[in-house]
Amino acid sequence: MRDVAVIGIGITKFGELWWQNLRELYVEAALKAIKDAGVDHLDSMYVGCMTSGLFCAQEHLASLMADYLGQRHIPAYRIESACASGGLAFRLGYIEVASGMSDIVLVGGVEKMLTGADATFALASAADQEYEAFHGNTFPGLYAMIARAHMAKYGTTREQMAAVAVKNHDNGSKNPNAQFPMKISKETVLNATPVADPLGLFDCSPVSDGAAAVILCPVDMAKKYTDTIIKVIGSGAATSTIALHQRDDITFLDAVHAAGKKAYEMAGLKPEDIDFAEVHDCFTIAEICCIEALGFCEVGQGGPFSEAGNTALDGKIPINTSGGLKSKGHPVGATGVAQIVELVEQLRGTAGERQVKNAKRGLAQNMGGSGGSSVVHILEVQ
Amino acid sequence: MAVGIIGYGAYVPRYRIKAEEIAAQWGDDPEVIKRGLLLYEKTVPNQDEDTVTIAYQAAKYALVRAGIDPKEIGAIYIGSESHPYAVKPSGTIVAEALGMTPEIHIADYEFACKAGAEAMFVCYSHVKSGNMKYAMAIGADTSQGAPADALEYSAAAGGSAFIFGSDEEKIIAEVLYTYSFTTDTPDFWRREHQMYPQHGGRFTGEPAYFKHVVSAGRNIMEMAGLTAKDIQWAVFHMPNGKFPLRAGQKLGFKKEQIEPGWVVPWQGNTYSGASPNGLTATLDSAAKPGDLILMVSFGSGAGSDSFIFRVTERINEVRDMVPKLWDLIHGRKFYLTYGQYAKFRGKIHLNPDV
Amino acid sequence: MIVPRHYKEMPQRYKLQGNRCKACGKVFLPPRLVCPCGSQDLEDYNLSWRGKILTFTIIRTPPVQFKYQKPYAVAVVELDGGGTIQCQVTDTPLEEVEIGKEVEIVFRKIFSEGEAGIHCYGYKCRVV
Ligand SMILES: [Zn+2]
C-alpha cells in the first residue's frame, strides 16, 4: 500500500441552484479540484451520488460526468451508499491510488435535489423501502425516533440538540459556500415548525444542490504539485442494518463506531488525538450520536457535551467547522467529499474566519441512511 | 342435522360524527333528526379503514369464538355496497390475511343493505347441504350518503361476521327457519360511476322497507307456527332508529324485544352490516340459551331474508372471548368535525398529483 | 405500479410471517436466510399481534402518498415473543402515543396507489 495525499479540492456553492443542472454542478467542482491540484490528466474517477435516478431520472452517471469533464475513455465509477456515497467514493479512490493501480484519481460527489421530485420520497429510498418507507416513515422520522429513544434513555434534551444547530450555523456563517450562512438562536430551533416530533425544521439539514471534488495521488508524487502534503492516515468503513427497528440499540450508531474504530486503528490514533472533525449532522441528534460513536465524548453524553460548548470552533474538539450539513447544506452525494474539502482547507490553514488553530489532524465521518453505513477518514498535514 | 352459527364477531370504527354536527353544516334542525329518525351519531371509518379491514376484524373475532382452523372454512362471502374495488374481490384479501386460502370458495355479494344476510343464507345452505364443513358470511360497509341528503345522518361503517357449521357442541345459534321475500322495487340505487346513491324519498317506506320486512317477518313466523310472544328477540334492518321499531310493532313485538339489537341510534346504518350487527349485538347482550331470535334483513331493490335462530348454551362460553359490539359502540370514540369527516370520507375535491 | 413488489411482501404484511434463528433465538420480519449471528438454521415464525412501543415519532411532513394522512405516528414496536417492527400507530390520539405503551396490531389500509392503483393493506398498531 502506498501513502496517499489529497492534492486538490473543489466545491460549488451549496443551495437552491436553479441555473445549474447535475452535470454542470459536477464539472464545476471537478474543474476547480483539477486546477487546484495542477494535474494535467486523470487516471480514473469516482462519482459519489445517492439517487440521481429519482431526482433527475439519470443513471449511468460516471460516464456522463467523465464525458462532460472532457475525460472520455478514463475508467469512472459511480458509488452509492445513500448519504455516505461521497465518503465511500473517497475511500475507493484512496484504495485505488494506495494499491498502485492508478496515480491521479478524482473523487467527486454530487446531488441535484431541487428538481421537482418529491425529496421526502426519494430520500426515504435510503431506508428499508418495504419495512420502513412503506409505512410512511421519512428520514426526519427515523432520526426523530432515534432522538426520542436517546431522550428517554439518557435524558438528552431538545435544548441540547438545539445547541448543535446554533453552533453549526455559527460556523456556517463563516463559510461562503454555505446554503444557510445565518446565525440562529436556540429559540429559533426550539420554536421551529415541527417536522417529525421531536425534531423541528431547524433540527434538519436542508434539501440542497451542490458538488464537491478532490484529487488524490501518491504522497511521493504529491511533492510535485504542492508543498503542503495532506496525507490520508486512516480510512474505515462499515455497514449495519438499514432498518432502524432491527438495530440492537436504536440510540447507538454501531456502523459509525465500527468505521471509526477501523480508521483510528489504521492511523494508530485515539479520539483525543484528533484536532477537529466533520461529522454527519443530517439532523441535530445525528451529530450527538456520531460524536458519541466516534469516542469524542461518553456514550449518552453527546447532548450535554455539545451544550457545554466542547464542539464549538474554540472548544475541546471543534465539530463541523464548515457549518456541517445543517448550515452548509446537504446535497447528499456531495456531502462526504465536501467534508474532505473542509478538512483540507483546515489543514492547509486556508479556512479563513472559521480556521481551527493548530489544526494538524482532522476526521471526516459520513453516514448513510439512519446509520446503515458509515465511512470515516483521518487526514493529517505532514 | 342442526346447522347454525358457530362463531361470530362484530367491528365498528372508533370515529363518530354527531347528528348536530351534520345538521349544523347543512342548516337542518338536529332535534328533528334525532326525534324523527332516532339517529344521534354514527360511526365513521378511519382513513385506513374500509369494508375489507372491517370485514377482516369481524372475521378474526368470529374465528376466535369458533376456535377452528381457518383452513377448514370452505367459503367466505362478503356482502357490501362499498367494496373497495369495483372489480377485484374483497373476499380474497380477507381470506388471504386470515390464512384461509387457497382451498376456499370466494364471492363478493351486493344487494344494498341485504348483502350480508344473503351471504349468511348461502353459507347456511352450503353447510346444510353437506357441501362444506364451515362457511363464513360477512356483512360490512363504509357507506356514503350524499352531502346534505337525509342519508348522511345514517350511512355508517361497521360489520359482522358469522361462521356457519354443524358441530353440535360448537353451535351458538341454530338456524331453525329461513325465508326470503323479494320483488323488483326500485326504492334506492346507485348507478355505475356515481359516488352517492339516489333514493325514492317516502317511496322507500311502505312499498319498499315495510312491505318486504313485514312480509318476510310474518311469513317466516307463520311457517314456524310462532308469534311474537314465542320469540324473545327480534332484529330488523335499521336504516334509521324508527323503521325497525315500527316494523316490529306491526308484527307484534314490543320495543324491549328489539332493543338488544337496536344499535342504529348510536352506530348509524351499517348497510350490509346493519341487521348482522343487530344480531351480534343481541347475541352479545340479551340472548340466553333456549331463546329464539328473529332476524329480518332488508335490501333495497328490494328484498328481505329472514331467519329464526335458537340460542344454545354455547353462547355463555363464547360471549366474552372478544370485544362485544355494544362495548365497541359505547367504548373509546373520537368525534369528528364535519370538515374532518368530509376529508375522511373523500368528499373533498383534491388536486391531483402530477 | 407496485403490484409485484407488494404481492411478494403480502405474507409479511398480512400475517406477520417471519422467522426465528434456531441458534440465537432472534426473530425477524421479513424472514432472513442468514441470521446476523451467522447461523443459517432458521425456522418459520409468525410474530405476535401484541407488543409495546420502543420509540416513535409524529410525521408532519409525509411522503406524497401519505400527504392526506398527516399528522400520523410511526413507532418501533417490540412484539411479545420476539421481533421488532416499524408501523403506524392508528386509532390513537397523538398525545397518547408514548414509549412503553402496550399496542395491538391491526390490519389496515396503508395507502392506495394513486387514484386508480391498488390498495395496499398491512399491519399498523393501536394503543390498547
Ligand atoms: Zn442467530
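A few points about the overall build of chain C
- Helix and strand counts for chain C stand at 1 helix and 8 strands.
- Counting helices and strands in the order they occur from the N terminus, chain C gives α-β-β-β-β-β-β-β-β.
- By the compact-globule yardstick of 14 Å for 128 residues, chain C fits well, its C-alpha radius of gyration being 16 Å.
- Across the 128 residues of chain C, 55% fall into the buried class.
- A total of about 5500 Å² of accessible surface is found on chain C, and carbon and sulfur atoms cover 52% of it.

Comments concerning the interface of chain C and chain A
- With 37 residues of chain C at the interface, the matching set in chain A holds 30 residues.
- When the two sides are added together, the surface that chain C and chain A hide from each other amounts to roughly 2800 Å², 53% of it contributed by carbon and sulfur.
- On the chain C side of the contact with chain A, Arg13(C), Arg60(C) and Gln86(C) bury the most area, a combined 21% of that side's loss.
- One can count 4 salt bridges joining chain C with chain A.
- The partner of Arg13(C) in a salt bridge is Glu130(A), with the nearest N and O atoms 2.7 Å apart.
- Put simply, chain C and chain A have 22 residue pairs in polar contact (both at pLDDT 80 or more) between them.
- Of the residues contributing to the side of chain C that touches chain A, the split by class is 22 nonpolar, 9 polar and 6 charged.

A short note on the domain arrangement of chain C
All names here are of chain C.
- According to the domain assignment, chain C consists of domain 1 (1-47) and domain 2 (48-128).
- Inter-centroid distance (C-alpha atoms) of domain 1 to domain 2 is 19 Å.
- Each side of the interface is counted separately: domain 1 has 14 residues, and domain 2 has 17 residues.
- Sorting the residues of domain 1 by area buried against domain 2 places Tyr14, Leu16 and Leu47 first, and these three jointly supply 39% of that buried surface.
- Linking domain 1 with domain 2 are 0 salt bridges, by the criterion used here.

Considerations on unusual backbone geometry
- Following Asp197(A), the chain continues to Pro198(A) via a peptide bond in cis, the omega torsion being 5°.
- Along the polypeptide, Pro198(A) turns up in the loop between β5 (194-197) and β6 (199-200).
- Residue Pro102(B) is bonded to the preceding Thr101(B) through a cis peptide linkage, with omega at 5°.
- Residue position: Pro102(B) is located in the loop between α4 (91-97) and β5 (105-109).
- The phi angle at Asn358(A) is positive, at roughly 55°, despite the residue not being glycine.
- Here Asn358(A) shows up in the loop between α14 (332-348) and β10 (361-368).
- Here Asn358(A) falls in the exposed class, since its relative accessible area comes to 64%.
- Backbone geometry at Ala148(B) places phi at a positive 75°, although glycine is not the residue there.
- With respect to the helices, strands and loops of the structure, Ala148(B) is situated in the loop between β6 (134-142) and β7 (157-165).

Things to note about the domain arrangement of chain B
Residue and element names in this part refer to chain B.
- Domain boundaries in chain B define domain 1 (4-171 + 324-344) and domain 2 (173-315).
- Of note, the centres of domain 1 and domain 2, computed from C-alpha atoms alone, are 15 Å apart.
- Both faces combined, the contact of domain 1 with domain 2 buries some 4500 Å², and carbon together with sulfur accounts for 64% of it.
- Its largest share of buried area at the contact with domain 2, domain 1 owes to Tyr8, Cys113 and Trp326, together 15% of the area lost on that side.

Observations concerning the interface of chain C and chain B
- Counting from both sides, the interface comprises 22 residues of chain C and, opposite them, 24 residues of chain B.
- A combined buried area of about 2100 Å² lies between chain C and chain B, and 48% of that area is made up of carbon and sulfur atoms.
- For chain C, the biggest contributors to the area lost against chain B are Tyr68(C), Asp91(C) and Phe107(C); these three give 29% of the whole.
- Counting every contact that joins chain C to chain B gives 5 salt bridges.
- Residues Arg332(B) and Glu96(C) are paired through a salt bridge, measuring 2.5 Å at the closest nitrogen-oxygen approach.
- Taken together, chain C and chain B are joined by 17 residue pairs in polar contact (both at pLDDT 80 or more).
- Breaking the side of chain C that touches chain B down by element, the ones donating at least two residues are α1 (3-15), β7 (102-112) and β8 (119-127) of chain C.
- A breakdown of the residues in the side of chain C that touches chain B according to their chemical character gives 10 nonpolar, 3 polar and 9 charged.

Describing the pattern of salt bridges
- This model, assessed by the stated rule, comprises 44 salt bridges over all chains.
- Salt-bridge contacts for Lys133(B) lead to Glu72(B); the nearest nitrogen and oxygen are separated by 2.9 Å. Remark: Glu72(B) occurs in the loop between α3 (51-66) and β4 (73-79) and Lys133(B) occurs in the loop between α5 (115-129) and β6; sequence separation between them is 61 residues.
- Residue classification places Glu72(B) among the partly exposed positions, given a relative accessible area of 33%.
- Of the charged contacts, one joins Glu118(B) and Lys114(B) as a salt bridge, the two residues approaching to 2.9 Å between their closest N and O atoms.
- With a relative accessible area of 4%, Lys114(B) lands in the buried category.
- Look at the salt bridges and you will find they share partners, linking Asp48(B), Glu49(B), Asp91(C), Glu104(C), Arg108(C), Lys124(C) and Arg126(C) into a network.

The rules we used
- Residues numbered from 1 in each chain as written.
- Chains lettered and ligands numbered in written order.
- Predicted model: local features only at pLDDT ≥ 70, side-chain atom pairs only at ≥ 80, totals over all residues.
- Heavy atoms only, no water.
- Helix = DSSP H or I, 4+ residues; strand = E, 2+ residues; numbered from the N terminus.
- Rg over C-alpha atoms; globule rule 2.2 N^0.38 Å.
- Buried < 20%, exposed > 50% of the residue type's maximum accessible area, 1.4 Å probe, protein only.
- Areas by Shrake-Rupley, 256 points an atom, 1.4 Å probe, with all protein chains shown as cover.
- Contact = heavy atoms within 4.5 Å.
- Buried area = accessible area lost by both parts, 1.4 Å probe.
- Salt bridge = Lys/Arg side-chain N within 4 Å of Asp/Glu carboxyl O.
- Polar contact = N/O pair within 3.5 Å; in protein donor to acceptor, adjacent residues only side chain to side chain.
- Nonpolar A, V, L, I, M, F, W, Y, C, P; charged D, E, K, R; others polar.
- Domains from an automatic or database assignment.

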